[in-house]
Amino acid sequence: MQDYEESVSFLGTWGPFQKRTFFLLCLTTIPSGYNLLAVIFLLATPPHQCYIPDNSNLSQDWIQTSIPVQVAGQLERSSCSRYEMDLVQNLSALGTRPNLDLIHNLSGPEFLLSSLKQEGCKDGWTYSTEHYESTVVTEFNLVCRDQWKQPLTSVVYFLGGLFGCFISGQISDRFGRKPALFGAITALSIFSSALAFAPSWPVFTMLFFLLGLGQITSYIVAFVLGSEILIGSTRVLFSNLCLPWVYVFGMMVLPVTAYLVRSWRHLTLTMAVPGLACIPLWWLIPESPRWLVSRGRFQEAELLLRSAALENRVEAPHVIFLSANVEKATSEKAESPNFLDLLRTANIRQITFILWLMWFSLSVSYFGLSFNMSGLYGNPFLNYFLVTAVELPAYAASWLAARSLPRRLSYISFTLLGALALLLIQITLYSYPTLTLTLVLLGKFGLLAGAGVLYMFTGELSPTVIRNTAMSSCAMFSRVGSSVSPYLLQLAVFNDFLPWIVVGSLSVLSVLVCVFLPETFKQPLPDTIQQMALTQRFRWPWASMPLSEDDGKSAKDQTTTPEIICTTHL
């Protein structure tokens, strides 16, 4: 099956069939991008303080001073404590007036307020409605003693993505790309709608986990499906530029919607709309003919390709797939692919471990950087929109690199740029705030451009029979990294620079292991495990571009040696 792309070359690379598939698959990533970081708005924590009951019969002066004032760089009211209400009520009834100077300039005597005991917020909290009418935090009071529930909810959401990647890859490789894609989109719509009716935090958390199942899954399957249907430069344009751009567009629509819809229950209902709009695309998006061939379903593949030929107004050959290839594929179909195939031979095992480490490192770096940027001042909706917009030039850069540069060199260059920028932040963090912001944006640019290359690199290294399983397993380790990232800020307790050092160091580590991967630039996609390129000893990235005369055999010839066949069967 190594000559699959040659067999379907009669279709061309940019006919009506490819244009339709290209455009519609890009649209299917909008629900995934729209839901990616909804956690930022659903779990937002607005400023809050203890609630003072209306029937407390306090004078206006005591109402203003019943909340202690804390000094933490600037004067602010306590979020989790108040003066004992019984004592304050007695003082108010006696006509005693508090010292208001303590609230304004701390210059008055402290004998009165400083001597009062404090208590927790027994009557609940009042929340600022400047930016949010309601959030999950304000409705279920996930503050103070229950503050730990807020980051835990984020972790549960990412763990849902991890579990979704694990099962969706095997579903896609066994039952088809289309069922996995539209199953994930349907799950996004169903569970985002169900979130609006969650009566308690435990129910919300469970539904949030189920929502995470379909989020990254739908993007991964759409990426694989487009990579298998499209060939040549069209595939590079799809996977490195247009698909990520539409995905980012979905992310940019979210803050606009959250700005207009300030209630979290109404926002979750709007999150279901993009997925529902994509469901009719089931009848317009084809199954992957390459996957059909890998499963031995040649009649369906030929029917699909002949229909595409009619749409493109080209003539299909009488025999699309040679009989030798049909017999070979049919014999390979005997074994159903599964997750363990990623560890079956020494070669695929080494490639898999390296890719897992790269995806994990890049995910920790990316999401850790995103959470570190959460302290930006100003309007949260505008901040999130601008920070998301930075991703557009990053993906454009990865597309330009993918067109003419080797995958290893592109990934190493972008990721190393991001890592060095993040490591330099510890020099400028307090002295040069403008330069620090520039380094942060440069670091995010490098990491995102590297991620764009890594998506294509992983798809080109993985064989068709387990490509979605391989991509999903990598995304699963990516979700492990994103689950760790919310707690990355806790490292600042030991040292303010430690989060940035960890993020930069993990990026450098992914660069170091990347040099051992084989180059895939301008190489045909492997269809079987035997056709995968071999890992190599350390060589400079630019040294792996041309094939030497001794190594000039095709991947098909290299992977039919008895040694490889025996290793695969073992």
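Bear in mind that the values here come from a model prediction, so they are computed numbers and not experimental data.

Student: Is there a simple way to think about the overall build of the protein chain in this case?
Tutor: Looking only at helices and strands, the protein chain has 26 helices and six strands in total. Evaluated residue by residue, the protein chain yields a buried proportion of 55% over its 570 residues. Contacts in the protein chain between residues at least 24 apart in sequence constitute 82% of all its contacts with a sequence separation of at least 6. For the protein chain, the exposed area adds up to about 25,100 Å²; of that, 63% sits on carbon and sulfur atoms.

Student: Explanation requested: the pattern of salt bridges in the structure shown.
Tutor: Any two side chains of opposite charge can pair, given that their charged atoms come close. Taken as a whole, this structure holds eight salt bridges when the rule is applied. Residue Glu300 is joined to Arg297 by a salt bridge in which the shortest nitrogen-to-oxygen separation is 2.8 Å. A residue is classified by how much of its surface remains accessible, and Glu300, at 40% relative accessible area, is partly exposed.

Student: How do you make sense of helix H9 (residues 149–175) when you look at a structure like this?
Tutor: Because each turn of an α-helix spans 3.6 residues, side chains separated by three or four positions end up pointing in the same direction. With 27 residues, H9 ought to run about 39 Å at 1.5 Å a step, and its terminal C-alpha atoms sit 38 Å apart, in line with that. Directly after H9, the chain includes Gly176, whose backbone phi takes a positive value near 125°.

Student: I would appreciate a short explanation of unusual backbone geometry in the present structure.
Tutor: Phi at Asn141 is positive, roughly 55°, even though this residue is not glycine. Among the structural elements, Asn141 can be located in the loop between helix H8 (136–140) and H9. Assessed through its relative accessible area of 25%, Asn141 is described here as partly exposed. Located in the positive-phi region is Arg313, a residue other than glycine, with phi close to 60°. Within the secondary structure, Arg313 is located in the loop between helix H16 (298–312) and helix H17 (323–332).

Student: Honestly, the side chain of Thr257 in this entry has me stumped. Any pointers?
Tutor: Of note, Thr257 is situated in helix H12 (residues 233–260). According to the relative accessible area criterion, Thr257 is buried, its value standing at 14%. Among the polar contacts listed, one links the side chain of Thr257 to the side chain of Tyr34, at a separation of 3.0 Å. Excluding residues within four positions of it along the chain, Thr257 makes contact with Tyr34, Leu267 and Thr270.

Student: Help me understand the state of the cysteines in this model?
Tutor: Here, disulfide denotes a covalent bond that connects the sulfur atoms of two cysteines. Across all of its chains, the model carries two disulfides by this definition. The partner cysteine of Cys50 in its disulfide is Cys121, sulfur to sulfur 1.8 Å. Given an S-S torsion of about -65°, the disulfide between Cys50 and Cys121 has left-handed geometry. With Cys50 in strand E1 (residues 48–50) and Cys121 in the loop between strand E5 (118–119) and strand E6 (125–127), the pair connects residues that are 71 residues apart, well separated along the chain. According to the relative accessible area criterion, Cys121 is buried, its value standing at 12%. Disulfide pairing is shown between Cys80 and Cys144; the S-S distance is 2.0 Å. Between Cys80 and Cys144, the S-S torsion sits near -95°, and that sign places the bridge as left-handed. Of the two residues, Cys80 is situated in the loop between strand E3 (75–77) and strand E4 (82–83) and Cys144 in the loop between H8 and H9; the sequence distance between them amounts to 64 residues. The connectivity of the disulfide bonds within the protein chain can be written as 1-3, 2-4, using the sequence rank of each bonded cysteine.

Student: What am I meant to see in the nonpolar core here?
Tutor: Among soluble globular proteins, nonpolar side chains are generally buried collectively. The biggest cluster of nonpolar side chains holds 132 residues, and the ones touching the most others in it are Leu42, Phe204, Phe208 and Met358. Ranked by residue count, the leading element in this core is helix H11 (residues 201–229), at 14 residues. In this structure, Phe204 is in contact with Leu42, Leu43, Val136, Phe140, Thr153, Leu195, Ala198 and Trp264, ignoring residues within four places of it in sequence.

Student: I'm lost on H12 in this one. Help?
Tutor: The end-to-end C-alpha distance of H12, which contains 28 residues, comes to 40 Å, matching closely the 40 Å that a straight helix rising 1.5 Å per residue would cover. Of all bends in H12, the biggest is about 35°, found at Ser239.

Student: Just to check I follow, could you spell out the environment of Leu435 for this structure?
Tutor: Counting through the fold element by element, Leu435 comes out in helix H22 (residues 433–461). Along the backbone, Leu435 and Ile425 are 10 residues apart, and their C-alpha atoms lie at a distance of 8.5 Å.

Student: Would you mind going over the packing of helix H19 (residues 380–389) against helix H20 (residues 391–404) with me for this structure?
Tutor: Contact geometry for H19 and H20: axes closest at 5 Å, N-to-C directions at 10°. Considering the angle they form, H19 stands roughly parallel to H20. Across the interface between the two elements, Val387, Thr388 and Ala389 from H19 touch Glu391, Leu392 and Pro393 from H20. Here the residues of the contact of H19 with H20 sort into four nonpolar, one polar and one charged.

Student: Got a minute to help me understand the packing of aromatic side chains in this structure?
Tutor: Taken as a whole, this structure holds 19 aromatic pairs when the rule is applied. Measuring from centroid to centroid gives 6.4 Å for Phe163 and Phe209, while their planes differ by 35°, and the two rings are tilted. Of this pair, Phe163 sits in helix H9 while Phe209 sits in helix H11, placing them 46 residues apart in sequence. Ring centres of Trp359 and Tyr455 lie 4.9 Å apart, and the angle between their planes is 65°; this geometry places the pair in the edge-to-face category. Placement of Trp359 in helix H18 (residues 346–372) and of Tyr455 in helix H22 is noted, with a sequence separation of 96 residues between them. Here the two residues Trp359 and Tyr455 agree in accessibility, since each one is buried. Aromatic rings pair up to connect Phe140, Tyr157, Phe158, Phe204, Phe208 and Trp264 into one cluster. Just above the ring of Trp282 sits the side chain of Lys178; from NZ or CZ to the centre is 4.2 Å. The ring of Tyr259 has Arg262 sitting right over it, with the charged end atom 4.6 Å from the ring centre.

Rules behind the numbers
- Residues numbered from 1 in each chain as written.
- Predicted model: local features only at pLDDT ≥ 70, side-chain atom pairs only at ≥ 80, totals over all residues.
- Heavy atoms only, no water.
- Helix = DSSP H or I, 4+ residues; strand = E, 2+ residues; numbered from the N terminus.
- Buried < 20%, exposed > 50% of the residue type's maximum accessible area, 1.4 Å probe, protein only.
- Contact = heavy atoms within 4.5 Å.
- Areas by Shrake-Rupley, 256 points an atom, 1.4 Å probe, with all protein chains shown as cover.
- Salt bridge = Lys/Arg side-chain N within 4 Å of Asp/Glu carboxyl O.
- Expected span 1.5 Å × (residues − 1).
- Polar contact = N/O pair within 3.5 Å; in protein donor to acceptor, adjacent residues only side chain to side chain.
- Disulfide = S-S within 2.5 Å.
- Core = buried A, V, L, I, M, F, W, Y, C linked by side-chain atoms within 4.5 Å.
- Bend = angle between axes of the 7 residues up to and from the residue.
- Axes fitted to C-alpha atoms, helices over the stretch in contact; angles between N-to-C directions.
- Parallel < 35°, antiparallel > 145°, perpendicular 65-115°, else oblique.
- Nonpolar A, V, L, I, M, F, W, Y, C, P; charged D, E, K, R; others polar.
- Phe/Tyr/Trp six-rings, centres within 6.5 Å; stacked < 30°, edge-to-face > 60°.
- Lys NZ or Arg CZ within 6 Å of the ring centre and 35° of its normal.

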